[in-house]
Amino acid sequence: GTFYPAQANNAYIFPAIGHAAVLCKASYIPDGAFVEAARCLSEMSSEPDLAVGRLMPPFSNIRDVSATIMAHIAEYLCSSNFGTKPEEVKDWKEFSRKI
């Protein structure tokens, strides 16, 4: 069978956490942010991906996957008082596409 190696930390997790931290001016990135990012990523795998052994969404979807993780982490950091949501942000995912 064909195997599809994953680069979850390098391709999906670290960039999304870094982007979220910068956008909300996080004072600290707790370990929980990495757990939340991994949980968010795991929820994006489709049944067809899992059926062929892919644990992550295809790399061709990286922009949307990264934006979704970033938005989740930005909310997490702000709700945990590690960051501040700018007044102009109504939706983190949309906000990230405008900058």
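Residues numbered from 1 in each chain as written. Predicted model: local features only at pLDDT ≥ 70, side-chain atom pairs only at ≥ 80, totals over all residues. Heavy atoms only, no water.

## Some points on the overall build of the protein chain
So, step 1. Within the protein chain, the regular secondary structure consists of 5 helices and 0 strands.
So, step 2. Listing every helix and strand of the protein chain by position from the N terminus yields α-α-α-α-α.
So, step 3. Computed over the C-alpha atoms, the radius of gyration of the protein chain is 14 Å, within 12% of the 13 Å expected from 2.2 N^0.38 for a compact globule of 99 residues.
So, step 4. Considering only C-alpha atoms, the protein chain reaches an extent of 50 × 30 × 20 Å along its principal axes.
So, step 5. Looking at the protein chain alone, contacts between residues at least 24 apart form 69% of all its contacts between residues at least 6 apart.
So, step 6. When the accessible area of the protein chain is evaluated, it comes to approximately 6300 Å², of which 55% is carbon and sulfur surface.
So, step 7. Across the protein chain, the mean location of the 9 positive side-chain charges is 5 Å away from that of the 11 negative side-chain charges. (Helix = DSSP H or I, 4+ residues; strand = E, 2+ residues; numbered from the N terminus. Rg over C-alpha atoms; globule rule 2.2 N^0.38 Å. Contact = heavy atoms within 4.5 Å. Areas by Shrake-Rupley, 256 points an atom, 1.4 Å probe, with all protein chains shown as cover. Lys, Arg positive; Asp, Glu negative; His and termini not counted. Charge placed at Lys NZ, Arg CZ, Asp CG, Glu CD.)

## Things to note about helix α2 (residues 31-42)
So, step 1. In a regular helix each residue adds 1.5 Å, so 12 residues correspond to 16 Å; α2 covers 17 Å between its end C-alpha atoms and thus fits that length.
So, step 2. Considered for burial, the residues of α2 that qualify are Ala 33, Glu 36, Ala 37, Cys 40 and Leu 41. All buried residues of α2 lie within an arc of 135° about the axis, which places them on one face of the element. (Expected span 1.5 Å × (residues − 1). Buried < 20%, exposed > 50% of the residue type's maximum accessible area, 1.4 Å probe, protein only. Arc of directions from axis to C-beta.)

## Looking at helix α4 (residues 62-79)
So, step 1. Here α4 spans 25 Å end to end across 18 residues, near enough to the 26 Å set by a 1.5 Å rise per residue.
So, step 2. A positive backbone phi angle near 65° is found at Asn 81, which sits one or two residues after α4.

## Section: a nonpolar patch on the surface
So, step 1. Where nonpolar side chains cluster on the molecular surface, the patch consists of Phe 14, Ile 29 and Phe 34 and spans about 250 Å² of accessible area.
So, step 2. Residue placement: Phe 14 occurs in helix α1 (residues 8-23).
So, step 3. Exposure remark for Phe 14: the relative accessible area of 44% places this residue in the partly exposed category. (Patch = residues over 30% accessible without salt bridge, like charges linked within 9 Å, V, L, I, M, F, W, Y side chains within 5 Å. Salt bridge = Lys/Arg side-chain N within 4 Å of Asp/Glu carboxyl O.)

## What about the packing of α2 against α4?
So, step 1. Where α2 contacts α4, the axes come no closer than 9 Å and their chain directions differ by 140°. In terms of orientation, α2 and α4 fall into the oblique class. The two elements α2 and α4 cross, and the hand of that crossing is right-handed. From α2, Gly 32, Ala 33, Glu 36, Ala 37, Cys 40 and Leu 41 reach across to α4, where they touch Val 65, Thr 68, Ile 69, His 72, Ile 73, Tyr 76 and Leu 77. (Axes fitted to C-alpha atoms, helices over the stretch in contact; angles between N-to-C directions. Parallel < 35°, antiparallel > 145°, perpendicular 65-115°, else oblique. Left-handed = near helix turned anticlockwise from the far one by under 90°.)

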